[in-house]
Protein chains: 2
Amino acid sequence: MKIQQTIKQNHLGLLFQQGSFGIEKESQRVHADGSIVTTEHPKVFGNRSYHPYIQTDFAESQVEIITPPQHKLEDSLRWLSAIHQVVLRSIPEDEYLFPLSMPAGLPPEDQIQVAQLDNAEDVAYREHLVKSYGKNKQMVSGIHYNFQLDPELVQTLFKAQSEYQSAVQFQNDLYLKMAKNFLRYQWVLLYLLAATPTVQDNYFKQGSPLKAGQYVRSLRSSQYGYVNDPEIKVSFDSIESYVESLEHWVKTGKLIAEKEFYSNVRLRGAKKARELLNNGIQYLEFRLFDLNPFEQYGISLADAKFIHYFVLLMIWLDETVDQNGVELGKVRLAEVALENPLSPTQYAAEGEQLLNQLLAMLQEIHAPQEISEIVQQKLQQFADPALTLGGRLVQAIEKAGDYQKLGAALAQQYKANAFERFYALEAFDNMELSTQALLFDLIQKGIKTEILDEQDQFLCLQVGDHIEYVKNGNMTSKDSYISPLIMENKVVTKKVLHKAGFNVPQSLEFTSAEQAIANYGLFEGRAVVIKPKSTNYGLGITIFQQGVSNREDFAKAIEIAFREDKEVMVEDYLSGTEYRFFVLGEETLAVLLRVPANVVGDGKHSVAELVAAKNDHPLRGDGSRTPLKKIALGDIEKLQLKEQGLTVDSIPDAGRIVQLRANSNISTGGDSIDMTDEMHPSYKALAVGITKAMGAAVCGVDLIIPDLHKPAEPSLQSWGVIEANFNPMMMMHIFPYSGKSRRLTLDVIKMLFPELPN
Amino acid sequence: MKIQQTIKQNHLGLLFQQGSFGIEKESQRVHADGSIVTTEHPKVFGNRSYHPYIQTDFAESQVEIITPPQHKLEDSLRWLSAIHQVVLRSIPEDEYLFPLSMPAGLPPEDQIQVAQLDNAEDVAYREHLVKSYGKNKQMVSGIHYNFQLDPELVQTLFKAQSEYQSAVQFQNDLYLKMAKNFLRYQWVLLYLLAATPTVQDNYFKQGSPLKAGQYVRSLRSSQYGYVNDPEIKVSFDSIESYVESLEHWVKTGKLIAEKEFYSNVRLRGAKKARELLNNGIQYLEFRLFDLNPFEQYGISLADAKFIHYFVLLMIWLDETVDQNGVELGKVRLAEVALENPLSPTQYAAEGEQLLNQLLAMLQEIHAPQEISEIVQQKLQQFADPALTLGGRLVQAIEKAGDYQKLGAALAQQYKANAFERFYALEAFDNMELSTQALLFDLIQKGIKTEILDEQDQFLCLQVGDHIEYVKNGNMTSKDSYISPLIMENKVVTKKVLHKAGFNVPQSLEFTSAEQAIANYGLFEGRAVVIKPKSTNYGLGITIFQQGVSNREDFAKAIEIAFREDKEVMVEDYLSGTEYRFFVLGEETLAVLLRVPANVVGDGKHSVAELVAAKNDHPLRGDGSRTPLKKIALGDIEKLQLKEQGLTVDSIPDAGRIVQLRANSNISTGGDSIDMTDEMHPSYKALAVGITKAMGAAVCGVDLIIPDLHKPAEPSLQSWGVIEANFNPMMMMHIFPYSGKSRRLTLDVIKMLFPELPN
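Keep in mind the model is a prediction, meaning the values are calculated, not measured.

About the cut-offs
- Residues numbered from 1 in each chain as written.
- Chains lettered and ligands numbered in written order.
- Predicted model: local features only at pLDDT ≥ 70, side-chain atom pairs only at ≥ 80, totals over all residues.
- Heavy atoms only, no water.
- Helix = DSSP H or I, 4+ residues; strand = E, 2+ residues; numbered from the N terminus.
- Buried < 20%, exposed > 50% of the residue type's maximum accessible area, 1.4 Å probe, protein only.
- Areas by Shrake-Rupley, 256 points an atom, 1.4 Å probe, with all protein chains shown as cover.
- Lys, Arg positive; Asp, Glu negative; His and termini not counted.
- Charge placed at Lys NZ, Arg CZ, Asp CG, Glu CD.
- 1 Å grid on protein atoms, 1.4 Å probe; cavity = no way out; pocket = protein on both sides within 12 Å on 5 of 7 lines; lining within 4 Å.
- Points joined across faces, edges and corners; volume = space filled by probe spheres on them.
- Nonpolar A, V, L, I, M, F, W, Y, C, P; charged D, E, K, R; others polar.
- Domains from an automatic or database assignment.
- Phe/Tyr/Trp six-rings, centres within 6.5 Å; stacked < 30°, edge-to-face > 60°.
- Lys NZ or Arg CZ within 6 Å of the ring centre and 35° of its normal.
- Axes fitted to C-alpha atoms, helices over the stretch in contact; angles between N-to-C directions.
- Parallel < 35°, antiparallel > 145°, perpendicular 65-115°, else oblique.
- Contact = heavy atoms within 4.5 Å.
- Disulfide = S-S within 2.5 Å.
- Pairing = 2+ DSSP bridges.
- Buried area = accessible area lost by both parts, 1.4 Å probe.
- Salt bridge = Lys/Arg side-chain N within 4 Å of Asp/Glu carboxyl O.
- Least-squares fit on C-alpha atoms with pLDDT ≥ 70 in both.

## Overview of the overall build of chain A
Scanning chain A for helices and strands turns up 25 helices and 23 strands. Each principal axis of the C-alpha distribution contributes one length, and for chain A these read about 100 × 65 × 50 Å. For chain A, the residues scored as buried account for 58% of the 758 residues in total. Accessible surface computed for chain A: about 30600 Å², of which carbon and sulfur atoms make up 50%. Chain A carries 74 positive and 96 negative side-chain charges, and their two centres are separated by 1 Å.

## Regarding empty space enclosed by the protein
Residues and elements named next belong to chain B. Across all of its chains, the model carries 10 cavities of 30 Å³ or more by this definition. Taken as a whole, the largest cavity encloses approximately 100 Å³ of empty space. As for the largest cavity, its lining consists of 13 residues, and the residues nearest its centre are Lys490, Thr493, Lys494, Ile722 and Glu723. At the level of elements, helix H18 (490-499), strand S14 (568-572) and strand S23 (720-725) are the ones that each hand at least two residues to the lining of the largest cavity. Residue composition of the lining of the largest cavity, by class: seven nonpolar, one polar and five charged. The two domains that each donate at least three residues to the lining of the largest cavity are domain 3 (506-572) and domain 4 (577-751).

## Brief notes about the packing of aromatic side chains
Counting across every chain of the model gives 50 aromatic pairs over all chains. Summarising the aromatic geometry, the rings of tyrosine 203 of chain A and phenylalanine 204 of chain A are spaced 5.0 Å apart at their centres and angled 85 degrees between planes, so their arrangement reads as edge-to-face. Using a relative accessible area of 4% as the deciding quantity, one classes tyrosine 203 of chain A as buried. Arranged with centres 5.7 Å apart and planes meeting at 75 degrees, the rings of phenylalanine 422 of chain B and phenylalanine 735 of chain B form a pair that is edge-to-face. Pair noted here: phenylalanine 422 of chain B is in the loop between helix H15 (403-420) and helix H16 (433-445) and phenylalanine 735 of chain B is in the loop between helix H24 (731-734) and helix H25 (744-752), with a separation of 313 residues, a long-range link. Aromatic rings pair up to connect Phe21, Tyr145, Phe147 and Phe289 of chain A into one cluster. Over the aromatic face of tyrosine 96 of chain B sits the side chain of lysine 415 of chain B, whose NZ or CZ is 5.0 Å from the ring centroid.

## Side note on the packing of helix H10 (residues 301-316) of chain B against helix H13 (residues 369-383) of chain B
Residue and element names in this part refer to chain B. The geometry of H10 relative to H13 is characterised by a closest axis approach of 10 Å and an angle of 95 degrees between their N-to-C directions. In terms of their interaxial angle, H10 and H13 are classed as roughly perpendicular. Contacts between H10 and H13 involve Ala302, Asp303, Lys305, Phe306 and Tyr309 on the former and, on the latter, Glu370, Ile371, Ile374, Val375 and Lys378. Split by residue class, the contact of H10 with H13 holds six nonpolar, no polar and four charged.

## Observations regarding the state of the cysteines
Counted according to the given criterion, the structure contains zero disulfides over all chains. Its sulfur unpaired, cysteine 460 of chain A is 18 Å from the next cysteine sulfur, which belongs to cysteine 699 of chain B. A relative accessible area of 2% places cysteine 460 of chain A in the buried class.

## Side note on the sheet that holds strand S8 (residues 448-453) of chain B
All names here are of chain B. A sheet is described by the order of its strands in space; here three strands give the open sequence S8-S9-S10, paired in antiparallel fashion. In this open sheet, the two strands that pair with only one neighbour each are S8 and strand S10 (466-471). Taking the axes of each pair of neighbouring strands and ignoring which way they run, one obtains an average angle of 25 degrees across the sheet. Bridge count between S8 and strand S9 (residues 458-463): five bridges; the pairing is antiparallel. Residue pairing across strands places glutamate 450 opposite cysteine 460, the latter belonging to S9. Contacting S8, S9 and S10, H16 crosses the sheet at an angle of about 20 degrees to S9.

## Brief notes about the interface of chain A and chain B
At the interface, 43 residues of chain A touch 43 residues of chain B. Interface area, chain A with chain B, both sides summed: about 3700 Å², of which 59% is carbon and sulfur. Remark: the boundary between chain A and chain B carries four salt bridges. A salt bridge links glutamate 450 of chain A to lysine 499 of chain B, with the shortest nitrogen-to-oxygen separation between them at 2.8 Å.

## Comments concerning the relation of the copies chain A and chain B
With an RMSD of 0.1 Å, the fit of chain A onto chain B corresponds to turning through 180 degrees and sliding 0.0 Å along the axis. Taken together, the rotation and translation describe the operation of a two-fold axis. A shared interface surface links the copies, since 100% of the contact residues of chain A are contact residues in chain B too.

## Some words on the pattern of salt bridges
All names here are of chain A. A full pass over the atoms with the stated rule returns 76 salt bridges over all chains. Its salt-bridge partner being lysine 305, residue glutamate 74 comes within 2.6 Å of it at the nearest N-O pair. Separated by 231 residues along the polypeptide, glutamate 74 in helix H3 (residues 73-90) and lysine 305 in helix H10 (residues 301-316) bring together distant segments of the chain. Aspartate 702 is paired through a salt bridge with arginine 594; the nearest N and O atoms lie 3.5 Å apart. Within this pair, whereas aspartate 702 is found in strand S22 (residues 698-705), its partner arginine 594 is found in strand S16 (residues 587-595), the two being separated by 108 residues in sequence. One continuous salt-bridge network, built from bridges that share partners, spans Glu578, Arg580, Arg594 and Asp702.

Rendered as structure tokens:
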């Protein structure tokens, strides 16, 4: 297979570098001291039998994190980060994820709980493993790296050759070449990336084989790790011989199932190996990798990219090793595994030669410069073993004084990091906070999610065959198209609500300022709001709370409104407090009071100091990457202070509420206060009715209510609806400044997938 | 009732001028010669028993047009115009609407078909009328003018007085004042607006009472019109006496029903007069008015406004006439009715005095200047009777030589006018043509329609209790909200369609020009389309139909696309012809081919002449007020000609197709060709499937198809979907340049109201 030449001749360099990636990462849940917990897999993750992201591996304590297939490693690592943040924020407060592959603080074997799976076969398999290997070996964690070549590349390479008649056979041999060469040269990756130099004595049933103070490169990949009996040899010569030899070991009972064959490369794409004969190998799973404890999520992006190009090299090379080469590679792996991580490897020359070949390949395929730099760094590590991951880890263990202590300290640090911006999902921080909150819940509950468009906040969700789309957190198929169109237009909204019998303030619409001003007489002495017909940001609105008293003020307000729209409404002003009702389906899920930016005096601190202290609140920030906004001290706030006889340096009396804004918007530093439980149920029912009249499934209803404790009456004195909003904000309810959090994103999921268990 | 003073003191002038208006207008369907037809009420209008706009009055030939209540007379007249255009375009080709009140060419009585109504009571009532008055008198047509004061005015006036305790009683007396004073002074309106000076002899059973060449002001309001027995006197003194006296005549059998009381004022707001005691009079119906033959729709806006202020004067006046006054008014009316229209009236002094009082009122209430000018004109008509409507009509009859001839000529002219822009509804010309087409169908089928917002093309439709909203002709509750959001985003659209298994051209998306250009190698030699992610107007698109051959051209195209969007797609180019499929629900209703602007040579005319001739097509115009656009001869067209070796002055050979544009948009002069019947059904089924995958009820699907006669196969060579559009255009299907018209607006109505009969 002359892949290299075909790629060069056909300018396939870029296509060669495309592919799909998936990462599976196991970790033990541990106590603060790094010892393994004996608690159950958290119920909050739902049923692991269908969970696409969060599973258990061998033991109940062993969380397995799975990233969905991605075309860019950057995205795989974003998913890895996101799923980690979900796991770390969902497990019990006193639990952590151990960042090292070898377990520490192992409980007695009888207290290690095997994963409680639904499937009887899965349970039987694990029981067999316990018998064959003991529980401790099963507690080792690692990273599996899945890689698929771009199918268009495989197709193009097939068309460009004449040796193979069958596309499936070509594809199988292409992946087998990658697999065999990988098995031959895998020791190079082990040298560079191994991170299991030691383990506590009780890991071994018959006492540790390591001398005191002895470190190795990889216990996990050595004979002390979780490896098959050396007798079990499976042929990679051809797909046929692979299938036959593997089936032989299962038939003879040496393996309980095909999956007990622990090769560092697995051929993927079928449930049973034999199916590969017809289906073809779809991708490879590389299982060699120890957790990198210096990375929060077990692997660095640079190393992931290095592995990608390393496995590409395995098909780029002219040679394809035979079974002898495979066996040689396995022997060499076992030898390097037991070398001292701080000493050079005996095979350095071969390693350096291979990486130089890799560098040459990178040139030929016009790989990004960044990759060559990564490979150069790895090349240097053959001269200086202390720079390898294993070398660095040994030094860190020595510094920490103890393997478990190091793991515990890192575990605590990583968990704390995950809580730093607890309302966000760091990896998806370019999306809206509400979409991040929804993604958090989707990952936690195990709903298959595809991000169709990040800029547009467009998600595709799937449970079984049931597909739903979500945009901006709560725009879904459950709303009818006409309902946002109605809500976008205030005049139409009012007409529809009025028709349906809800209390709507009366209004008149005008299409010219002259016409409006000519009708001044109609409004004289009346409390009115003058507003543009369709703006949504509070622009151009004037309120005459005490009634319009002269034509000039009225004309001025009309002109201001006409700056924002071609049509202006003069609406009766309703007195009372404005509340936002968040309605979903048949229920008002949250009621919020928005209070203008303010501080409360304590008789000691100045306004500026009080503002600074209030701005320290973890929810306050720039308002786009945080649920609440810091209070500014600009001209508008200073003017507001002046009206109260204050400056920023004044020290308000204890208990005095100092207003810093007249408007209650969260975006100008306002407070959000949950009032769901305080609100009289009659208003909640009205909000549901208004939502129905709008034809909406999700709606933000703004009601003016003078007394939230009194039941609603059928007059504008009791309540009035001033606006209905589609795609209503959720973050202010999920993370209010005070009062109870309402996790609305969970309700959106329930609405979309009523078939899911609660 | 001192209304005048209260209005002045409380600045209620503007409120006084607000109100609701409704116009009912009868007309006879006639032959081209003006004689009455004996055909049935057209079936296309559906069941008249619920039709809100188009009914029959006494006879099957007598169409009654009813405008829905409006707050502005301008809007009432727009509805009157719209309903007329619908009627005139829906009746048989050889039928017309007679523009005069008195019938002409009356068939023998036994051929006059009484309206075929469902309701047995209605049928019995008409049979009674035939017996009591004969059929001929029932064939007279007129206009009924309904007026309601603003309820807020009535409420405010009630609050401002102390005489009445009961709001209902106050309201009744207020309307009774208007009614009584109207009956006293109605002769003024008759003098000015009467238009029934003559009739053919066969109208009278015992021969005409008119001498040869004699004209009167109003036969319709005279003893020869459709009036009650003079014996029947109903008291307007109080609501109680009104109810009792009316019930008395019914009880004694002098009237078959309350509605047989033909007062020129009817008290409205209840089915039975007695209910008015509790409910109150809601509005008044003024039945005095003859059709104005000089107006296409029977009444001018100026006259409608004059009547409005005239009836306002009836409550503005300090006096309220008593029953004697009412009877005096009736006598005076009968006298004026029989005066010679070209002679002054004997009561001119009283008329002038009343109009001067009206002018004074207009000053006091700050009525628009326009109204005073109208009243001034009417005032002049007391000095010069030839200027009255009756005066003008007599002169016109004399000129035409014959009453029937005049009516026939006008009827033909008005029908021709209604067809001038047959694709539009003139009165609603500020709305989109598709909304005008929908309104046409709604009026024709008798679906109650409210225009919620003209600018926004927002309609509210109602059949029974079933309410539906429509925006822009086909945006409705039947689409889910997520579907337009999907279609708005081309990347998401493709992902969704690809997932659902439809043939979608492959594409890659880029967020920077550098990144795209760096991937040039992936596209070298490939036929591709480079386009911005979300533009909809063809901006920024470059097509490499023969494959990209150099990096520079590719880079240029990428840069052009990035001017339009932050994200750019490079998509495989599909060869074939693009067709637009209009899908509604389970069916592809129309398939359209759009052909770039072109003319076909005849070997005689120059390109410029051919273009001018093609632009004469009735559907071509500016493209916003017409279904098709005129072909321009600008720089782009000239360049296109140059490429074909032509100029605007060239004379192309007979049969040669001359391209004037490269793009096929209708908006640049392209032709729309209906291909619905030619298209292989397999593609129509695909378009339905694509619509379903989008979650849409109405969708415009653009397919590229090399051969529309071959059945679809599952490869991109056979077909590919390049776009799915929400709110797809309908006019190009309804009024194609060639091929069959597809009346999609009717299908939208069927979709919204499946309960309607076909």
